[in-house]
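# Close look at the chain arrangement
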Amino acid sequence: MASKKELQVTQKRELEKKEETTIPARIFVPNADIYETKDGLNVVLEMPGVDKSSVDVRVEDDVLKVDGKLDFSKYRGLQPLYTEYNVGHFSRSFRLFGKIDQSKIAAELKDGVLSLMLPLAEKAKPRAIQVN
Amino acid sequence: MIMGFADPFDTLLDLQRSLEASLASDWLQDLTTSRGPFPPINVFQQGDDILAIIELPGVSKSDLQIEAKENTIRIFGKKNVDYPEEASLHRRERVSGEFDRTLSVPVQIEPDGIKAEYRDGILALFLPRAESDKPRTIKIS
């Protein structure tokens, strides 16, 4: 019994925008996990409701930027009765340390979770040196 | 309930967590507060029918169960967060665990007409209002 962990609601964080936006929609910061394996950096982001075609991932000047756009047309004509969470687009950026092989970035979207695999560039990979 | 003594801190923290959860949940008061147990639910009206939209990112379809009874809907399951072996964790914000939530709607619903759609981490529950519950216009003769 003690090992069962009950899930808690994590409040959505709104993005502190650097620039002003021209659209009235809210933008939230998706929850993220970052871990490193020997092949590269993995970034996992939770973006519920974001469809495969509305995800934009880019690396520019060592900054990884992920944007997920939500389709609000599904909410048209719906009368809210009771609400517990807000909906909006998702956006988050990370400054990368270490060189990434940009041409080999892999992305997968499953159940509202975006998994990014950023492979380290060849020269940045740790190399084992044989002692003769 | 017998608790193991493997990690007393874990047990203590779990106790604290569940105490906090009971304070944070809205079962004590009948108010439409924006705080409730996991998962967060938005309820909409679509014509005569009810549409509940629930955010469940990272929950796979096979780990999600839905039960309907009279005018209540129970949503329960678990959320797994896995990491490969030999991975060094830099940031951890996603949480795993179990959830169990029952939603009651103020109208009678047609249990056979309930439709559930799960896509991109969003569960949409379409709850049709029972014919017997719909208001009827009465003609004056």
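Preceding block: the structure.
Figured I'd write up the structure that's included with this text. Per-chain numbering applies: the sequence of each chain, read as written, is numbered from 1 onward. Chain A is the first chain written and ligand 1 is the first ligand written, with later ones labelled in order. Residues qualify for local features only when their pLDDT is at least 70, as the model is predicted, and side-chain atom pairs are given and counted only at 80 or more; totals for whole chains, interfaces and linings, by contrast, use all residues. As a convention, hydrogens and water are excluded, and side-chain values are obtained from all of the structure's heavy atoms.

### Let's talk about the interface of chain B and chain A
- The criterion used for residue contact is that any of the two residues' heavy atoms lie within 4.5 Å. With 57 residues of chain B in contact, the opposing surface of chain A contributes 44 residues.
- By buried area we mean how much accessible surface two parts lose on assembly, using a 1.4 Å probe and totalling the loss over both. When the two sides are added together, the surface that chain B and chain A hide from each other amounts to roughly 4,400 Å², 55% of it contributed by carbon and sulfur.
- For this document, the term salt bridge refers to a Lys or Arg side-chain nitrogen within 4 Å of an Asp or Glu carboxyl oxygen. The interface formed by chain B and chain A contains six salt bridges.
- Ionic pairing is found between D51(A) and R119(B), a salt bridge with its closest N-O pair at 3.5 Å.
- Contacts described as polar in this section are N or O atom pairs within 3.5 Å, which, within protein, must combine one atom able to donate a hydrogen with one able to accept it, while residues neighboring in sequence count only if both atoms come from side chains. Joining chain B to chain A, the criterion identifies 24 residue pairs in polar contact (both at pLDDT 80 or more).
- Think of it this way: any DSSP run of H or I at least four residues long counts as a helix, any run of E at least two long counts as a strand, and we number them from the N terminus. Elements with a minimum of two residues in the side of chain B that touches chain A: α1 (8–24), β1 (41–46), β2 (49–55), β5 (88–92), β6 (97–104) and β7 (115–119) of chain B.
- Among the elements that make up the side of chain B that touches chain A, the one with the highest residue count is β1(B) (six residues).
- As a working rule, the residues Ala, Val, Leu, Ile, Met, Phe, Trp, Tyr, Cys and Pro are called nonpolar, Asp, Glu, Lys and Arg charged, and the rest polar, with Gly in that last group. In terms of residue class, the side of chain B that touches chain A is made up of 26 nonpolar, 14 polar and 17 charged.
- Only strands joined by at least two bridges in the DSSP assignment are considered to pair. Pairing geometry for strand β3 (residues 32–36) of chain A and β5(B), over four bridges, is antiparallel.

### Overview of the pattern of salt bridges
- In this structure the tally under the stated criterion is 17 salt bridges over all chains.
- Its salt-bridge partner being R26(A), residue E14(A) comes within 2.9 Å of it at the nearest N-O pair. Separated by 12 residues along the polypeptide, E14(A) in strand β1 (residues 13–14) and R26(A) in the loop between β1 and β2 (27–29) bring together distant segments of the chain.
- Residue R101(B) pairs with E84(A) through a salt bridge whose shortest N-O separation is 2.7 Å. Here the residue R101(B) occupies a position in strand β6, and E84(A) occupies one in the loop between β7 (79–82) and β8 (89–95), the pair thus bridging two chains.
- Categorising residues by exposure relies on relative accessible area from a 1.4 Å probe, with only protein chains included: less than 20% of the type maximum marks a residue as buried, more than 50% marks it as exposed, and the intermediate range marks it as partly exposed. Take R101(B): its relative accessible area is 7%, and that puts it in the buried class.
- With a relative accessible area of 9%, E84(A) lands in the buried category.

### Some points on the sheet that holds β1(A)
All names here are of chain A.
- The strand order across the open sheet formed by five strands is β1-β2-β8-β6-β5, and the pairing between neighbours is mixed. Every interior strand has two partners, whereas the edge strands, β1 and β5 (55–60), have only one.
- Here β5 pairs with strand β6 (residues 63–68) via six bridges, running antiparallel. In the sheet register, E60 faces β6, and the bridge partner there is V63.

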